[in-house]
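Architecture and fold: a report
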Amino acid sequence: MRLKTLTLFNTCLLAAVGIALAASLWWAQQALKVPYTLMDAYLNIVSQTQALQRDTEAYRMSGDAVRLQQAQHTAEGLQQSLQAFPDDIRQPLAAPLTTFIEFMQTDLLAVGKLSGDPQGLLTQAEREMQAELDHLASYARDGQQQGARQAMEYVRLTDELQGDLLRISLARGKLFSQNDPTLLTNLQRLVKAAQERASALDALPLLGVVEEKDSSNDPFASLLGVTTSNSSEATDPGADYKRTLLSLLNRYPGELERTSALIVERAQLQSITGERIDSLQAGAAQMRPALTAARDGITNQVRNVQLAIIGLIIVIALLIERSQRALSKAIGRFAPVLSTYAEGDFTQPVESSSRISELKQLELAANQLRQYLIELVTTINQQAEALSGTS
């Protein structure tokens, strides 16, 4: 091997190490971008999941179709954002999200329709009953003024029915706030008692309080512009008041059953909605360990590559150091031998034991010089002896 070749080889090794180090640094930079990009995308996923939860809760409470459209748009955006993740990472959230989107198109619509006050019909019925009781109370006072004998009985039953209606309203509010079955029995008992008093009131004779009713107010005739003759008739309104009150009380238990079923259905749908949202949050939470594992795996790969490059640099440095030491050792063998030559001792030849051609040539030249010096000294000695013999 030539010394020039060895030097070129060492230079190439150092250049290769530099290129490998630069390539590994570039690869490490690109590889480490992946987990951080995925983590940013994951934070966006979490934000979209929270926005979806807020829109869903807002729609569930208000029934606003705009909030439902916002929730659907957020769900579609969330589904598109998941495509940036590998299959094994997005799977914990992809399946619950698909189920939730299907749920939004079916049961969630029913949740919004049931978002209003489920007790509205009962409250309206109680208002109407209170209005009829007010009419009956006024009717009883008019009867007292006219000296009707049954007027006091009207007043007593009306007052008792107003108390029953107040207790029904309180029991109804307590029932739906506490959801206690025993309170339903108490409410049904109060309604039954009110129905019995209303039946007793309906059985009382009329008080003979009459009011003038104008029969000329024909809306159809007024619409056609036809003038009808003015006529009026005297009627006792007590029968209408009692019939309307009794009808409202008889319809109240059916409205109560329908309202109870409506509240149960709404509670079930709300529970299902909560479960769907919880599954989305759980899926988003399960993605984080997978992302952390992927980040750790890439970090380990980068570390292993860097360690391999460092090890390669150390090995190349040791090889260069060994070759340089061998070269220095081989060159160092020439100095002692040449020193003995300078002292006139030519007995020891030069032996470098090197594979480098330049050192081989140097060894050959030193040995040729030794041989030349040996011959020169021998010739000088022979001539000196000859000269001394002649003298």
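Now for a description of the structure that goes with this document. (Residues numbered from 1 in each chain as written. Predicted model: local features only at pLDDT ≥ 70, side-chain atom pairs only at ≥ 80, totals over all residues. Heavy atoms only, no water.)

Our next topic: the pattern of salt bridges. According to the stated counting rule, one finds 12 salt bridges in the structure shown. The shortest N-O distance in the salt bridge between Glu255 and Arg258 comes to 2.8 Å. One end of the pair is Glu255 and the other is Arg258, both in helix H9 (residues 238-332) and 3 residues apart, which spans about a single turn. Since its relative accessible area comes to 17%, Glu255 is described here as buried. (Salt bridge = Lys/Arg side-chain N within 4 Å of Asp/Glu carboxyl O. Helix = DSSP H or I, 4+ residues; strand = E, 2+ residues; numbered from the N terminus. Buried < 20%, exposed > 50% of the residue type's maximum accessible area, 1.4 Å probe, protein only.)

Right, let's talk about the side chain of Ser81 for a bit. Following the sequence through the fold, Ser81 ends up in helix H2 (residues 65-81). You can call Ser81 buried: its relative accessible area is 19%. Within the local environment of Ser81, its side chain forms a polar contact with the side chain of Gln48, the two groups lying 3.1 Å apart. If near-sequence neighbours (up to four positions away) are discounted, Ser81 is found in contact with Asn44, Ile45 and Gln48. (Polar contact = N/O pair within 3.5 Å; in protein donor to acceptor, adjacent residues only side chain to side chain. Contact = heavy atoms within 4.5 Å.)

In this structure, Met129, Tyr154, Ile168, Leu187, Leu201, Leu245 and Tyr252 are the most contacted members of the largest nonpolar core, which totals 34 residues. Sorting the residues of this core by element identifies helix H5 (120-145), helix H6 (151-178), helix H7 (181-203) and H9 as the ones contributing at least two each. Filtering out sequence-adjacent residues up to four positions away, Leu187 remains in contact with Ile168, Ala171, Arg172, Leu175 and Leu256. Residues Tyr42, Leu52, Ile89 and Ile277 belong to the second largest nonpolar core, which totals 26 residues. (Core = buried A, V, L, I, M, F, W, Y, C linked by side-chain atoms within 4.5 Å.)

Within this structure, the stated rule accounts for 3 aromatic pairs. Centre to centre, the rings of Phe100 and Phe103 are 6.0 Å apart; their planes meet at 45°, and the pair counts as tilted. Within this pair, Phe100 and its partner Phe103 are both found in helix H3 (residues 87-104), separated by 3 residues, close to a single helical turn. Phe103 shares its class with Phe100; the two are buried. Ring centres of Tyr139 and Tyr241 lie 6.4 Å apart, and the angle between their planes is 80°; this geometry places the pair in the edge-to-face category. (Phe/Tyr/Trp six-rings, centres within 6.5 Å; stacked < 30°, edge-to-face > 60°.)

It is worth spelling out helix H10 (residues 334-342) at this point. Buried within H10 are the following residues: Phe334, Val337 and Tyr341. Angularly, the buried residues of H10 cover 75° about the axis, an arc narrow enough to put them on a single face. On the buried face of H10, the contacting elements are H9 and helix H11 (357-390). At the C-terminal side of H10, Gly344 shows a positive phi close to 95°. (Arc of directions from axis to C-beta.)

Let us look at the environment of Arg172. Inspection of the secondary structure puts Arg172 in helix H6. Taking relative accessible area as the criterion, Arg172 reaches 10% and is therefore assigned buried. In this structure the C-alpha to C-alpha distance between Arg172 and Gln119, which are 53 residues apart in sequence, comes to 8.8 Å. A polar contact is formed between the side chain of Arg172 and the side chain of Glu126, at a distance of 2.7 Å.

This paragraph deals with H6. An α-helical turn contains 3.6 residues, so any two residues separated by three or four positions project in the same direction. When the terminal C-alpha atoms of H6 are compared, their 40 Å separation across 28 residues agrees well with the 40 Å that a helix rising 1.5 Å per residue should span. When we look at burial in H6, the residues that qualify are Ala151, Tyr154, Leu157, Thr158, Leu161, Asp164, Leu165, Ile168, Ala171, Arg172, Leu175 and Phe176. (Expected span 1.5 Å × (residues − 1).)

Quick look at the packing of H9 against H10 now. Two numbers describe how H9 lies on H10: the axes approach to 5 Å, and their chain directions differ by 5°. Between H9 and H10, the angle is such that the two are roughly parallel. Contacts between H9 and H10 involve Ala330, Ile331 and Gly332 from the first element and Phe334, Ala335 and Pro336 from the second. When grouped by side-chain class, the residues that make up the contact of H9 with H10 number 5 nonpolar, 1 polar and no charged. (Axes fitted to C-alpha atoms, helices over the stretch in contact; angles between N-to-C directions. Parallel < 35°, antiparallel > 145°, perpendicular 65-115°, else oblique. Nonpolar A, V, L, I, M, F, W, Y, C, P; charged D, E, K, R; others polar.)

What follows is about the side chain of Asp164. Within the fold, Asp164 resides in helix H6. Here Asp164 is in contact with Ala193, Ala194 and Arg197, once residues within four sequence places are set aside.

Our next topic: the environment of Val46. On the secondary structure map, Val46 appears in helix H1 (residues 3-62). Assessed through its relative accessible area of 24%, Val46 is described here as partly exposed. C-alpha separation for the pair Val46 and Ala285, spaced 239 residues apart in sequence, amounts to 8.5 Å.

Keep in mind these values describe shape, not function.
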